[in-house]
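Geometric and topological summary
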Protein chains: 2
Amino acid sequence: MAPNILFIMYDQLRFDYLSCAGHPTLETPSFDRVAARGVRFDRAYCQSPVCGASRMSTYTGRYVSSHGAAHNNFPLKVGEMTMGDHLRKAGMECWLIGKTHMKADAEGMARLGLSPDSVIGARVEECGFDVWIRDDGLWAEGPDGFYDRKRSPYNEYLKAKGYPSENPWHDNANAGITGAGDIASGFLMMHADKPANIREEDSETPWLTSRTIDFIEAQKGKGPWCAHVSFIKPHWPYIVPAPYHDMYGVDDIVPVVRSDAERRDPHPVYGAYMEGGVGTAFSRDEVRRTVIPAYMGLIKQCDDQLGRLLDYLDDTGQADDTVIVLTSDHGDYLGDHWMGEKDMFHDPSARVPLIISDPRPSADSRRGTVCDKLVEQIDLAATFVEMAGGEVPRHILEGRSLVPLLEGKDTAWRNFAISEYDFSTSGAASRLGLAPKDCRLFMVVTDRWKMTHAEGGFRPMLFDLQNDPDELVDLGASGDHAEVISALYDKLFHWARRQSHRTTISDAQIEARRKGGSARVGILLGLFGDEDIPPDYLTAYSGKATSVDQT
Amino acid sequence: MAPNILFIMYDQLRFDYLSCAGHPTLETPSFDRVAARGVRFDRAYCQSPVCGASRMSTYTGRYVSSHGAAHNNFPLKVGEMTMGDHLRKAGMECWLIGKTHMKADAEGMARLGLSPDSVIGARVEECGFDVWIRDDGLWAEGPDGFYDRKRSPYNEYLKAKGYPSENPWHDNANAGITGAGDIASGFLMMHADKPANIREEDSETPWLTSRTIDFIEAQKGKGPWCAHVSFIKPHWPYIVPAPYHDMYGVDDIVPVVRSDAERRDPHPVYGAYMEGGVGTAFSRDEVRRTVIPAYMGLIKQCDDQLGRLLDYLDDTGQADDTVIVLTSDHGDYLGDHWMGEKDMFHDPSARVPLIISDPRPSADSRRGTVCDKLVEQIDLAATFVEMAGGEVPRHILEGRSLVPLLEGKDTAWRNFAISEYDFSTSGAASRLGLAPKDCRLFMVVTDRWKMTHAEGGFRPMLFDLQNDPDELVDLGASGDHAEVISALYDKLFHWARRQSHRTTISDAQIEARRKGGSARVGILLGLFGDEDIPPDYLTAYSGKATSVDQT
């Protein structure tokens, strides 16, 4: 029988903010415990450094250019299959507990008559998952109303627990209290050092962990399942309840990675991002000093809650039946490279943590190891289908199953990875005056090089990861690197020509058709005389004619 | 009010087998009559030189790589929109009369619960058309049964008219009688010189013309419509009823275009096609001498029936309300370049006739003219949407409206066109031993050059259309043309990176979001202190806090 798959995603968790990944001051024993039981993939990249696009790639197993949902709230078009569709076909249920950032293609659903109230329509609307809990954790409100207009199970939970606010997600989970007794919104980063005004057990990460345990309890005696447990944290607002709010201080912050040279004549798109409000803010030491300890506290809380979940699985004897996957949708610059948030392809943004422990004996040989192969988040869907015992539909899924790497099998692997970014809705696009079609970035990364191609007539960016692992020296305009750049463009060109939409017929079906498929149903081409035709093909076309009177 | 659109497609009609396109012995006064009323596009290319893929591009308005139905009977995936969907949105009905070669995505339809018996399901199954008549005209039968397992309205018609055969499509419309009184199947090209054993008025082209007149009669008093009238002829089987069967003789055949040099060290894919049964057959003079007069007779019959339809429109006063579009899905090598049928990109195969007459005064200035701009068949869907008065959804339709060209407006136009071919199911693929993913060809054509890129590690093919309009000298291995080839590859690369799947959000919607869309719903990024926040954004996040007891 297939194992269960606990597919846990943290939002905006940097690849290097785990002790098993080398963070010097942030201890994450629970993440490390999973890494000790499994494989840590040290060179994993998301397919787009922004929540929505990254997740749609992970869930569909396809590149952003293939599924088209290239930014937050760009709807995923009706017809795109997701890991839920593939896993159900393989006999495994696929549930959602938490966030997806899925925006349904309402117009496409209406065109095809799909009602969100039907089982099929609900799955299309929810990115192929069956919903245990859907809560994207972004209950922001502005002059035009709420960012997310669905219901919030988390806000309902807090209200039921007696929190009196209309929006306790904001006023309690994501705000502290000022000295004057006012709400100290986590949206203002100056408040990141305050404790959130909430009981720690009621904050978002413990709440979703409890819902996950509820889910697993409810599955007892049922068939194998995949559960996508998707935490909003350590994503902003950067604020965390006590005791995590002051667990880390300024001395725990790792040095910022940036250089003055980066600001001299930068690539225009990078320059436009540095000039934006987020980049400017995170370039201030005051912001980093206030935010990073809170960010570390949020991760520490995630680690503690992960420990709770691991203990639960161990204590109930389910650890041996459950694959655990820990990852993120993208990272967080935190001031590195004069940037905040994500949006470009430096490692703090585009590289993601990925740890997989597979309890089955077949994976014993690689436990506790680190894999440095270039892994893409789209590999997860194929991995899960293989774990479920299904046949990986390689004409649909563009990623590759990681199972051979988990089992230490010798396998030819990709020599470059791709990530994409569509910044057409951004302030940077406005500042550059670019048409939407020109607001697209493509990253090509190999063992040694990382190149970013930008549409719109710009030069590329290039980093030598061997000699400049911090990505501080942009060689994109270097004449000495013309050959390297050309070779990376060849890889991008090869990738751009990939066959990504012949999704309704498999290679096996195609190869079967080579065996004279259409001739066997009477399509006889290139035949001149009777002698050209095999006897058994003539049946339908021979016999006495009945002459027709043509007058 | 929008005009009606009579969108007529002939199957496998070569671009140069019309007198208005310069054929010296085949007079086509009805085609010429439409050309005199409108514009003949002299450099139109299909998006794939094979029925199914070409048509799916024409109907979806998208490149083959985008819709994925890359060969005959590769299902068009659920979710792809077609001209029917776009035209209905613009208030115009869109009907089918004849052939589409549409293969429905039955698995996708089942996954989304779409029944072919519902209005929505029927449209999805029929490529977005409402069906007046669907008959693909390929009622071939072999040891494994029929090629097409639907019902054949045409066979039903013939049976109702008293034709006694079980398959009168074959035995009468597409067969003659041997001297011994046996059925002389049109699938054997030796019989192409015989008259088909059918009354001319009952043969396929007059039959579908009558159904078209029925359709137009039934629309009287109704709103504007688009009718896709789609004839199977002059497609094989190459056989035509009297008097067309002997209207042309050997002396009417234009000289074959081929050279011995083409067979010396050809491009491997081209070589594999030349070696195949079809290429070998059409390289025999006997085959050309027998088939080409029949092919010309089939076109002559198409022309006569077109005249009948034009007369009907003129006589009933509908010509002034009806745009007429005449085109084909691809050509026919007929022995040129040692090839038969289609499959590669020499002009006889990939270039198509295209004539459009728009009766509205806005098109008066260009009547009777020839346009030499590079046109793609995917331009038709955008053209029709504009004619219907709709807004062209440029984030979905990859072609461009031809209306400015019909109206003689100065407009920047593309400087290269693309066609693609997937030969993964072919005998050539078997002979070359290629994996399906490597069986893909891409044509890039400019004013002067035509290059074919082949996956699988082969060199390109290159023709200089200025100095070698017959495409007899392949310069793909010429060192002197390295720069030309490199520039053409740059165009292909640019095309391959096109944004083809961000189909759920338009450029206008994206540009609207640049105006602080997410901040207006409370997503405030990069703010540190109170002074950073505009006053009206604070409403939801301010006020007195209610302190939570955290013990």
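The numbers attached to residues start from 1 for each chain and follow its sequence in the written order. Chains carry letters from A onward and ligands carry numbers from 1 onward, assigned in written order. The predicted nature of this model means local features are confined to residues of pLDDT at least 70 and side-chain atom pairs, given and counted, to a pLDDT of 80 or more, with totals for whole chains, interfaces and linings taken over all residues. The side-chain quantities take in all heavy atoms of the structure and omit both hydrogens and water.

Comments concerning helix α7 (residues 153-160) of chain A
Residues and elements named next belong to chain A.
- When a residue's accessible area, from a 1.4 Å probe over protein chains only, is under 20% of the maximum for its type it is buried; when over 50% it is exposed; and in between it is partly exposed. Each helix is a run of DSSP H or I of at least 4 residues and each strand a run of E of at least 2, with the numbering of both proceeding from the N terminus. When we look at burial in α7, the residues that qualify are Pro153, Tyr154, Asn155 and Leu158.
- What makes two residues a contact is simply this: any of their non-hydrogen atoms within 4.5 Å. Looking at the buried positions of α7, the neighbouring elements they touch are β4 (130-134), α8 (168-173) and α9 (204-218).
- Gly162 occupies a position one or two residues after α7 and carries a positive phi of about 100 degrees.

Quick look at the relation of the copies chain B and chain A
- The copies are overlaid by a least-squares fit using only the C-alpha atoms of residues whose pLDDT is at least 70 in both copies. With an RMSD of 0.0 Å, chain B superimposes on chain A once it is rotated by 180 degrees and translated 0.0 Å along the axis. Taken together, the rotation and translation relating the two chain copies correspond to the operation of a two-fold axis.
- Comparing interface residues between copies, 100% of those in chain B also sit at the interface in chain A, which points to an isologous, same-surface contact.

Looking at the side chain of His86(B)
Residue and element names in this part refer to chain B.
- Residue position: His86 is located in helix α4 (residues 83-89).
- Overall, the relative accessible area of 5% leaves His86 in the buried class.
- Setting aside residues no more than four positions away along its own chain, His86 makes contact with Met81, Val385, Pro393, Ile396 and Leu397.

Comments concerning unusual backbone geometry
- Following Ala242(A), the chain continues into Pro243(A) via a peptide bond in cis, with omega recorded as 5 degrees.
- Along the chain, Pro243(A) falls in the loop between β9 (225-231) and α10 (268-275).
- Following Lys233(B), the chain continues into Pro234(B) via a peptide bond in cis, with omega recorded as 10 degrees.
- Inspection of the secondary structure assignment puts Pro234(B) in the loop between β10 (225-231) and α10 (268-275).
- Phi at His101(A) takes a positive value of approximately 65 degrees, unusual for a residue other than glycine.
- Here His101(A) shows up in the loop between β3 (93-98) and α5 (106-111).
- Classification of His101(A) as buried rests on a relative accessible area of 6%.
- You will see that Glu341(B), though not glycine, has its phi angle at about 60 degrees, which is positive.
- Among the structural elements, Glu341(B) can be located in the loop between β11 (322-328) and α13 (347-350).

Topic: the packing of aromatic side chains
Residues and elements named next belong to chain A.
- Stacked, tilted and edge-to-face are the three classes applied to pairs of Phe, Tyr and Trp rings, where Trp contributes its six-membered ring and a pair requires centres within 6.5 Å; stacked means planes under 30 degrees apart, edge-to-face means over 60, and tilted covers the rest. Inspection of every chain in the model, using the stated rule, returns 43 aromatic pairs over all chains.
- Note on Trp132 and Phe215: the rings are 5.2 Å apart at their centroids and 80 degrees apart in plane angle, and the pair reads as edge-to-face. In this pair, Trp132 is assigned in strand β4 and Phe215 in helix α9, connecting sequence segments 83 residues apart.
- Overall, the relative accessible area of 32% leaves Trp132 in the partly exposed class.
- Charge over a ring is defined by NZ of Lys or CZ of Arg lying within 6 Å of the ring centre and within 35 degrees of the ring normal. Its end group placed over the ring of Trp338, Arg258 keeps NZ or CZ at 4.3 Å from the ring centre.
- Directly above the ring of Trp338 sits Arg263, whose terminal nitrogen or CZ lies 3.5 Å from the centroid.

Overview of the pattern of salt bridges
Residue and element names in this part refer to chain A.
- The term salt bridge refers to a side-chain nitrogen of Lys or Arg lying within 4 Å of a carboxyl oxygen of Asp or Glu. For the structure shown, the criterion picks out 92 salt bridges over all chains.
- Across the pair Asp202 and Arg199 runs a salt bridge, and its minimum N-O distance is 3.1 Å.
- Measuring nitrogen to oxygen at the nearest pair gives 2.9 Å for the salt bridge that ties Asp464 to Arg448. Of this pair, Asp464 sits in strand β17 (residues 461-464) while Arg448 sits in the loop between β15 (440-445) and β16 (449-454), placing them 16 residues apart in sequence.
- Residues joined by salt bridges that share partners form a network here, namely Arg40, Asp42, Asp347, Arg351, Lys450 and Glu471.

A word on the packing of helix α1 (residues 29-37) of chain B against helix α12 (residues 285-315) of chain B
Residue and element names in this part refer to chain B.
- Two elements in contact, α1 and α12, have axes whose closest approach is 7 Å; the angle formed by their N-to-C orientations is 50 degrees. The orientation of α1 relative to α12 falls into the category oblique. Contacts between α1 and α12 involve Pro29, Ser30, Phe31, Arg33, Val34 and Arg37 on the former and, on the latter, Lys300, Asp303, Leu306, Gly307, Leu310, Asp311 and Asp314.
- Throughout, the ten residues Ala, Val, Leu, Ile, Met, Phe, Trp, Tyr, Cys and Pro are labelled nonpolar, Asp, Glu, Lys and Arg are labelled charged, and all others, Gly among them, are labelled polar. Grouping the amino acids of the contact of α1 with α12 by side-chain chemistry returns five nonpolar, two polar and six charged. In this analysis, axes come from line fits to C-alpha atoms, helices being fitted only over the stretch in contact, and the angle between any two N-to-C directions falls in the range 0 to 180 degrees. Reported orientations rely on four angle classes, namely roughly parallel under 35 degrees, roughly antiparallel over 145, roughly perpendicular from 65 to 115, and oblique for the rest.

Some words on the interface of chain B and chain A
- At the junction of the two partners, chain B supplies 122 residues and chain A supplies 122 residues.
- Accessible-area loss on putting two parts together, using a 1.4 Å probe and summing over both, is the definition of buried area adopted here. Roughly 10,000 Å² is buried in total at the junction of chain B and chain A, and carbon and sulfur atoms are behind 59% of that figure.
- By the criterion of area lost to chain A, the three top residues of chain B are Arg514(B), Phe528(B) and Tyr541(B), representing 9% of everything that side buries.
- There are eight salt bridges connecting chain B and chain A.
- One salt bridge in this structure joins Lys89(A) and Glu107(B), with 2.9 Å as the shortest N-O distance.
- Here a polar contact is taken to be a pair of N or O atoms separated by no more than 3.5 Å, where protein atoms must pair a possible hydrogen donor with a possible acceptor and residues adjacent in sequence count only if both atoms sit in side chains. Counting every contact that joins chain B to chain A gives 45 residue pairs in polar contact (both at pLDDT 80 or more).
- For the side of chain B that touches chain A, the element with the highest residue contribution is helix α17 (residues 482-496) of chain B, accounting for five residues.
- The residue makeup of the side of chain B that touches chain A, split by class, is 53 nonpolar, 37 polar and 32 charged.

What to know about the UniProt feature "domain: Sulfatase N-terminal" (unreviewed entry) in chain A
- UniProt positions are given in the numbering used here, feature names are shortened, and annotations may be inferred rather than shown by experiment. Under the UniProt annotation, the feature "domain: Sulfatase N-terminal" (unreviewed entry) is placed at residues 3-389 of chain A.
- Summarising residues 3-389 of chain A: 34% helix, 16% strand, and an end-to-end C-alpha distance of 9 Å.

Examining the domain arrangement of chain A
- The start and end points of each domain follow an automatic or database-based domain assignment. Domain parsing of chain A yields domain 1 (4-410) and domain 2 (515-541).
- Taking only C-alpha atoms into account, the centre of domain 1 of chain A sits 58 Å from that of domain 2 of chain A.

Structural notes on the packing of helix α17 (residues 482-496) of chain A against α17(B)
- Running from N to C, α17(A) and α17(B) point in directions that differ by 55 degrees, and their axes come no closer than 9 Å. Comparing their axes, α17(B) and α17(A) come out oblique. In this structure, α17(A) meets α17(B) at a crossing whose hand is left-handed. Of the residues in α17(B), those in contact with Tyr489(A), Leu492(A), Phe493(A) and Ala496(A) of α17(A) are Tyr489(B), Leu492(B), Phe493(B) and Ala496(B).
- Of the residues that constitute the contact of α17(A) with α17(B), the class distribution is eight nonpolar, no polar and no charged. Rotating anticlockwise by less than a right angle from the far helix to the near helix defines a left-handed crossing, while the corresponding clockwise rotation defines a right-handed one.

Side note on α10(A)
- Among the eight residues that make up α10(A), six are buried, leaving the element largely enclosed by the rest of the structure.
- In this structure, the buried residues of α10(A) make contact with α11 (277-282), β14 (417-422), α16 (427-432), β15, β16 and β17 of chain A.

Topic: the sheet that holds strand β1 (residues 4-10) of chain B
Residues and elements named next belong to chain B.
- When DSSP finds two or more bridges between a pair of strands, those strands are recorded as paired. Here eight strands make up an open sheet; going across it, the order is β5-β4-β10-β1-β11-β13-β2-β14 and the pairing mixed. Each end of this open sheet is capped by a strand with a single partner; those strands are β5 (130-134) and β14 (369-371). Along the sheet, successive strands turn relative to each other by an average axial angle of 15 degrees, direction set aside.
- Here β1 pairs with β11 via seven bridges, running parallel. Bridge pairing in β11 links Asn4 to Thr322.
- Seen against the sheet, helix α9 (residues 204-218) touches β1, β4 (93-98), β5 and β10 and runs at an angle of roughly 170 degrees to β10.

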